[in-house]
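# Structure assessment
Chain residues, written in single-letter form:
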Amino acid sequence: MKKILAALLYCWCSHALAQTTQELVDNGKNSENVTTFGMGYHLNQYSPLSQINKSNVRRLVPIWSTSLSNDTGELAQPTIYNGVMYVVNGNWTFALEVATGQQIWRTPVEYERAAARVGNPGVIVRGPATLYNGKLFRESIDCHVIALDMKTGKQVWKEKFADFKEGYTGIIAPLVANGVVITGMAGGDRTTRGFLDGWDPESGKKLWRRYTVPAPGEPGSETWPKDMPDAWKYGGGSTWQNGSYDPELDLVYWGTGNAEPYNPAYRGGADSLYTASVLAIRPKTGELVWHYQYIPNESYDFDGSAEPVLADLRIDGRIRKVLLNANKNGFMYVIDRTNGKLIAAHPFVKVNWASHVDLKTGRPVLTDIYERAVRGETVEIWPSRGTNASLMAFNPKTGLVYVNSWEIPRIMKYTKFEFVLGQGSTGVETSFRTPPSGEPWGYHMAFNPLTGKAEWKVPVTGTVISAGMLATDGGLLFTGRLNGEFIALDQATGKTLWQFKTGSGINSPPITYTHQGRQFVTVLSGIGGVLNRTMKAADAIPTGGSVWTFALMPD
């Protein structure tokens, strides 16, 4: 009996210690688990697995698929632990058997339905089901952070972080760093003030808040106009995409969104820190260690929120710890992640709002587009966005990043802005000009972030691309298209080697892993977010969320 009790205690302790900080740090060393977003804290969307490779990818077949009971869009990425796959969307949280897709449990997201009418993207979740110490963490659209028991799906705690009636929404997956649950917020086109929160994972107690727009007297407040006393209160800087973490430096990196309103007249044309920036913070305290602002006085809805990918690159004969960012503004940035100093910035799509980025000052050198817009002209801005909230991949062996880009301009005119709390606060009239028939809407691309050279570009016509990339040591790139195709590209050339049509559009980043020694690839399918309205995609593509898992058909 003593031996049985000891064995049970051992099993219980082993479960209690599951998803420790060390396991999150070691993500990728055990290919049976995918415990963090982006295939690791670095967000590089790279896997050393090669069982599925260029020579046999034609034998890739679906093993199982299951519905996610959701029509509002699948933009998340699954996580896997001990044979269980966890999936989140705006309305549900799932636990599924990795081998079969059979449901273990399903928990509905309870939220105030009025929150679904706030903002453009709708009831979605970006990022993963966040796992730590036996709990799954997520946000709800009505601005709550929720902790569920991983075994049962039962709620452990739930805490409110903002009021959706003031324009805030919760669509961001939490990040666990050094034992702290860190969450962001959405609301960048409304009357909001950006922030990050740190939470105790056991109790749900809020540990700290780091605002992305400083109050008067705080560092950075001098970059907001003194004669507009309320500008900072609703200045934007939302944290609507996911962050990365360097455990060695103990720094969390998180991008911030555009300034509000876009129209700079209502911000005095000031630099508006810390909008359109990347912040390096201490996860235990929220202390700001350094920042880099991509665009001072950001006035085009370019944000700076795209995921900061961490890499070690050889530069001038020595290895540098860098941060890579495929910015919405069209430039690919290389930044020293120890101190925030700019190393390189190269355009990876057509850019007309700036001629280049000055490496000494770190500031973009503007063209006449800005002055023309301020004078009241309607201007055409390239790009409308360089890439659209989709994780790029970085292969440390090739030193290249793999990006799904957009080649579409924005037509924009600054207009009068009337403040209404919780409502839109852009101060612009805007539209998108789609390419003529047969011309590219964007590219699958391999890009050298240090030289600025595209190693190859494959045009995509008829649709934009908002799925993430995944690079593997099998020489493959996995990604998706809005028409529902899940595809594998040759990493060396961009040539399509395999494709499979899922039931709806793909907006999410895929993952790869092993189960009992066999390599699998999984992706979520389900058109959602703002695309189905802005690009009229819903006219041709049905909604409906599902999970698809693939493996090689036996010889």
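Quick summary incoming for the structure in this document. (Residues numbered from 1 in each chain as written. Predicted model: local features only at pLDDT ≥ 70, side-chain atom pairs only at ≥ 80, totals over all residues. Heavy atoms only, no water.)

For Asp250, the position within the fold is in the loop between strand S17 (244-246) and strand S18 (251-255). One buried charged residue, Asp250, forms no salt bridge at all, with the nearest opposite charge on Arg282 at 4.6 Å. A polar atom in the side chain of Asp250 sits 3.3 Å from the side chain of Asn178. (Helix = DSSP H or I, 4+ residues; strand = E, 2+ residues; numbered from the N terminus. Buried < 20%, exposed > 50% of the residue type's maximum accessible area, 1.4 Å probe, protein only. Lys, Arg positive; Asp, Glu negative; His and termini not counted. Salt bridge = Lys/Arg side-chain N within 4 Å of Asp/Glu carboxyl O. Polar contact = N/O pair within 3.5 Å; in protein donor to acceptor, adjacent residues only side chain to side chain.)

In sheet architecture, strand pairing relies on hydrogen bonds along the backbone and comes in two forms, parallel and antiparallel. Judged by pairing direction, the sheet is antiparallel, and its four strands sit side by side in the order S4-S5-S6-S7 without closing on themselves. Looking at strand neighbours, the two that pair on one side only are strand S4 (79-81) and strand S7 (103-108), the edges of this open sheet. Strand-to-strand, the axes of this sheet are offset by a mean angle of 15 degrees, without reference to chain direction. As paired strands, strand S6 (residues 92-97) and S7 are joined by five bridges and run antiparallel to one another. Bridging from a neighbouring strand, Leu96 pairs with Gln103 of S7. (Pairing = 2+ DSSP bridges. Axes fitted to C-alpha atoms, helices over the stretch in contact; angles between N-to-C directions.)

Our focus in this paragraph is the pattern of salt bridges. In this structure the tally under the stated criterion is 19 salt bridges. Between Lys29 and Asp26 there is a salt bridge, with the nearest N and O atoms lying 3.5 Å from each other. Taking the relative accessible area as the measure of exposure, Asp26 reaches 23% and is therefore partly exposed. Between Arg375 and Glu377 there is a salt bridge whose closest N-O contact spans 3.3 Å. Overall, the relative accessible area of 58% leaves Arg375 in the exposed class. Classification of Glu377 by relative accessible area gives partly exposed; the value is 30%. Salt bridges sharing partners connect three or more residues here, namely Asp301, Asp303, Lys328 and Arg410.

Another point: the side chain of Ser277. In this structure, Ser277 sits in strand S19 (residues 277-281). Apart from the residues within four sequence positions on either side, Ser277 is in contact with Trp254, Gly255, Thr256, Tyr292, Gln293, Tyr294 and Gly304. (Contact = heavy atoms within 4.5 Å.)

What follows concerns the nonpolar core. With 47 residues, the main nonpolar core has Met85, Tyr86, Leu136 and Phe478 as its most contacted residues. In this view, Leu136 contacts Tyr86, Val88, Thr93, Trp105, Ala129, Thr130, Leu131, Ile146, Ala147, Leu148 and Met150; residues no more than four positions away in its chain are not counted. Counting 43 residues, the second-largest nonpolar core is a separate cluster that includes Ile124, Tyr132, Leu279 and Ala389. (Core = buried A, V, L, I, M, F, W, Y, C linked by side-chain atoms within 4.5 Å.)

A separate point is the packing of aromatic side chains. All told, the structure shown has 29 aromatic pairs when counted by the stated rule. Pairing Tyr253 with Trp290 gives two aromatic rings, centres 5.9 Å apart and planes at 45 degrees, and the pair type is tilted. Of this pair, Tyr253 sits in strand S18 while Trp290 is found in strand S20 (residues 288-293), placing the two residues 37 residues apart along the sequence. The two residues Tyr253 and Trp290 agree in class, both being buried. Taking 5.9 Å as the distance between ring centres and 15 degrees as the angle between the ring planes, the aromatic pair formed by Tyr513 and Phe520 counts as stacked. Relative accessible area serves as the criterion here: at 5%, Phe520 is assigned to the buried category. Here the aromatic residues Tyr292, Tyr294, Tyr300, Phe302, Phe331, Tyr333 and Trp353 are joined through ring pairs into a cluster of three or more. Directly above the aromatic system of Tyr111 lies the positively charged group of Arg113, at a separation of 4.1 Å from the ring centroid. (Phe/Tyr/Trp six-rings, centres within 6.5 Å; stacked < 30°, edge-to-face > 60°. Lys NZ or Arg CZ within 6 Å of the ring centre and 35° of its normal.)

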